Amino acid sequence: MAAVLPAPTESLSLSQARRVALRAQGLDVPRPARTGPATMRHLQGVVDRLGLLQIDSVNVLARAHLMPTFSRIGPYDPALLDRAAGRAPRRLVEAWAHQASFVPPETFRLLGWRQRAYLTEAWGVIADVPLQHAPVVDMIRSLITEQGPLTASEVQVHYEADHPTSRDEWGWNWSVAKRVLEFLFFTGEVTSAGRTPAFERRYDLADRVLPADVRAAPQPDDDTAVRGLLEISARAHGIGTLGCLADYFRINQRRVALAAADLVEEGVLVPVQVAGWQGRPVFRHRDATLPRTARGAALLSPFDPLVFERRRLEELFGLRYRIEIYVPEAQRVWGYYVLPFLLGEELPALVDLKADRAAGVLRVVAAHTSPGGQERLPGGTLDALADELRLAATWLGLDDVVVGAPDGSLRGDLAAPLRQVVATAA
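The structure reproduced in this document is the subject of the present report.

Parameters and conventions
- Residues numbered from 1 in each chain as written.
- Predicted model: local features only at pLDDT ≥ 70, side-chain atom pairs only at ≥ 80, totals over all residues.
- Heavy atoms only, no water.
- Salt bridge = Lys/Arg side-chain N within 4 Å of Asp/Glu carboxyl O.
- Helix = DSSP H or I, 4+ residues; strand = E, 2+ residues; numbered from the N terminus.
- Buried < 20%, exposed > 50% of the residue type's maximum accessible area, 1.4 Å probe, protein only.
- Arc of directions from axis to C-beta.
- Contact = heavy atoms within 4.5 Å.
- Pairing = 2+ DSSP bridges.
- Axes fitted to C-alpha atoms, helices over the stretch in contact; angles between N-to-C directions.
- Parallel < 35°, antiparallel > 145°, perpendicular 65-115°, else oblique.
- Nonpolar A, V, L, I, M, F, W, Y, C, P; charged D, E, K, R; others polar.
- Expected span 1.5 Å × (residues − 1).
- Polar contact = N/O pair within 3.5 Å; in protein donor to acceptor, adjacent residues only side chain to side chain.
- Core = buried A, V, L, I, M, F, W, Y, C linked by side-chain atoms within 4.5 Å.

**Brief notes about the pattern of salt bridges**
Reasoning step 1: In this structure the tally under the stated criterion is 24 salt bridges.
Reasoning step 2: Note that Lys178 and Glu182 form a salt bridge whose closest N and O atoms lie 3.2 Å from each other. Note that Lys178 and Glu182 are positioned in helix α12 (residues 176-186) at a spacing of four residues, about one turn of the helix. The same class applies to Lys178 as to Glu182, namely buried.
Reasoning step 3: For the salt bridge of Glu182 with Arg201, the shortest nitrogen-to-oxygen distance reads 2.7 Å. Within this pair, whereas Glu182 is found in helix α12, its partner Arg201 is found in strand β6 (residues 201-205), the two being separated by 19 residues in sequence. An identical accessibility class is assigned to Glu182 and Arg201; each is buried.
Reasoning step 4: A single salt-bridge network, built from bridges that share partners, covers Glu94, Lys178, Glu182, Arg195 and Arg201.

Right under this line is the structure:
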């Protein structure tokens, strides 16, 4: 039966909706000044606000899960995150949430409904594992139980003779061992006990990784779990459509609509109307607030929660943004690893960044005015962008910021003026 949602009780302009979203994400004000290094308390504050950190292995700048914390608190030691996810009692564990993600251990339990429904929730190469490799599933489960934590390559050693690694297929040439491990990961039987220096997962039984209080807690039923995930999503968004809220944990919109109706009845979600978003239900989390202004500045990873859902991004900020990692170089419009730059409540610029570790510089491969934005850049954009680039370089242990390719060529309408600003301030 379709959920019946009440009519909106308040109206917001697009600017107000942007500021609500930025406040929810902790991006509406400049970073607080610190007198010392960032601590675990600072990291925990980001995790509590965002609810998850998406994991991606691309390391052209910094791995995806590291950037959102930098965007919100500035330079910090990534070992904080390694410790949070790699030492007991863990503050973060890995799970399939918004794709592979770090989540608080309590959230891991809320994902049980998806883990049990792998036949419909997982993609084919994972969902088919019990049918194609049932004996290997049993053997690897026993191996992890007896010897874990183990990496996929360490597990594959035991099965290479019978199931050799193939290098003939395009894309993810996963061995049988890797496929089985990813199946066990998706279904929540195993998770990561930490990562190796090469960023390999060290698979272990979830019951050995999760804190004792989480293991002892009763497993929530499916409807309770989805309501819990939806509230986390709504709190992180501040405001959003059903599509926005569903995307955060990749939940079917029909299921989310039913959960949203319950949360509206409980007063957790407030139906609202946003200018330009007519025709779709929109909700504000009851704790979301509207700041008078937005004054933050930050470089945002392509995997930052603020830009996860591209339709939301376009409707909120007027930015049509697509990551071009898998686009052939000659066909890229903005670049390989392009970060939107946030200034106030605008995303006025896009920069293609590379940590050129051999040269010891943060390289701005390209810099463009954002498409669909204002006709003129907000005042101070280039100075603020240069400041953020220098801060990022410091965090990454790089000596300088260089605008332009190694051959000196410039790409994008902002490259030349940005180069001048960076050089002037050096």
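So that's the structure; there's more coming.
**Examining unusual backbone geometry**
Reasoning step 1: Going from Ala88 to Pro89, the amide bond is cis rather than trans, its omega being -10°.
Reasoning step 2: Along the polypeptide, Pro89 turns up in the loop between α4 (79-86) and β3 (93-97).
Reasoning step 3: Here the amide bond leading from Gly148 into Pro149 is cis, since omega sits at 5°, within 30 degrees of zero.
Reasoning step 4: Along the chain, Pro149 falls in the loop between α10 (134-147) and α11 (152-156).

**Describing α4**
Reasoning step 1: Those residues of α4 not exposed but buried are Leu80, Leu81, Ala84 and Ala85. Burial along α4 is one-sided: seen end-on, the buried residues are contained in an arc of 120°.
Reasoning step 2: Contacts from the buried residues of α4 go to α2 (40-50), β2 (53-54), β4 (99-103) and β5 (190-195).

**A look at the pairing of strand β11 (residues 338-343)**
Reasoning step 1: Counting buried positions over the six residues of β11 gives six, a clear majority of the element.
Reasoning step 2: Residues Val338, Pro340 and Leu342 of β11 are buried on one face, and the alternating residues Leu339, Phe341 and Leu343, pointing to the opposite face, are buried as well.
Reasoning step 3: Bridge count between strand β10 (residues 297-299) and β11: three bridges; the pairing is antiparallel. Directly across from Leu299, in β11, lies its bridge partner Phe341.
Reasoning step 4: Here five bridges tie β11 to strand β12 (residues 346-356), and the two strands are oriented antiparallel to one another. Looking at the pairing, Val338 lines up with Asp352 of β12.
Reasoning step 5: From the end of β11 to the start of β12, which pair antiparallel, there are two residues, and Gly344 there has a positive phi angle of about 65°.

**Brief notes about the packing of helix α1 (residues 14-25) against helix α15 (residues 222-237)**
In a pair of packed helices, the angle between the axes and the distance between the axes together describe the arrangement.
Reasoning step 1: Interhelical geometry of α1 versus α15 gives an angle of 110° and a closest axis separation of 6 Å. Relative to α15, the element α1 lies roughly perpendicular. Residue-level contacts link Val20, Ala21, Ala24 and Gln25 of α1 to Arg235, Ala236 and His237 of α15.
Reasoning step 2: Per-class residue counts for the contact of α1 with α15 are four nonpolar, two polar and one charged.

**Quick look at the sheet that holds strand β7 (residues 239-241)**
Reasoning step 1: Ordered in space as β1-β8-β9-β7, the four strands form an open sheet in which the pairing is mixed. On the outer flanks of this sheet lie β1 (10-12) and β7, each paired with one strand and no other. Taken over all neighbouring pairs, the strand axes of this sheet differ in orientation by 45° on average, direction set aside.
Reasoning step 2: Direction of pairing for β7 relative to strand β9 (residues 282-285): antiparallel, over a ladder of three bridges. Paired with Gly240 across the two strands is Phe283, which belongs to β9.

**With respect to α15**
Reasoning step 1: If you check α15, its first and last C-alpha atoms are 22 Å apart, about what 16 residues at 1.5 Å a residue would give, namely 22 Å.
Reasoning step 2: Within α15, the full set of buried residues consists of Ala225, Val226, Leu229, Leu230, Ser233, Ala234, Ala236 and His237.
Reasoning step 3: By the N-cap criterion, in which a side-chain oxygen at the helix start approaches the backbone nitrogen of a residue two or three places on, α15 is capped by Asp221, the distance to Asp223 being 3.1 Å.
Reasoning step 4: A positive backbone phi angle near 80° is found at Gly238, which sits one or two residues after α15.

**Some thoughts on the nonpolar core**
Reasoning step 1: With 92 residues, the main nonpolar core has Leu61, Leu299, Leu353, Leu362, Val364, Leu389 and Leu418 as its most contacted residues.
Reasoning step 2: With eight residues, the single largest contributor to this core is helix α19 (residues 381-395).
Reasoning step 3: Aside from chain neighbours lying at most four places away, what touches Leu61 is Met67, Tyr337, Leu339, Leu353, Ala355, Arg357, Leu362 and Leu396.
Reasoning step 4: Core analysis: the next-biggest nonpolar cluster, separate from the first, contains 28 residues, Val20, Val270, Val307 and Leu347 among them.

**Here's the deal with the packing of α1 against helix α18 (residues 310-317)**
Reasoning step 1: Two numbers describe how α1 lies on α18: the axes approach to 9 Å, and their chain directions differ by 130°. When the interaxial angle is binned, α1 and α18 end up oblique. Facing α1, whose interface residues are Leu14, Ala17, Arg18, Ala21 and Leu22, α18 presents Arg312, Glu315, Leu316 and Phe317.

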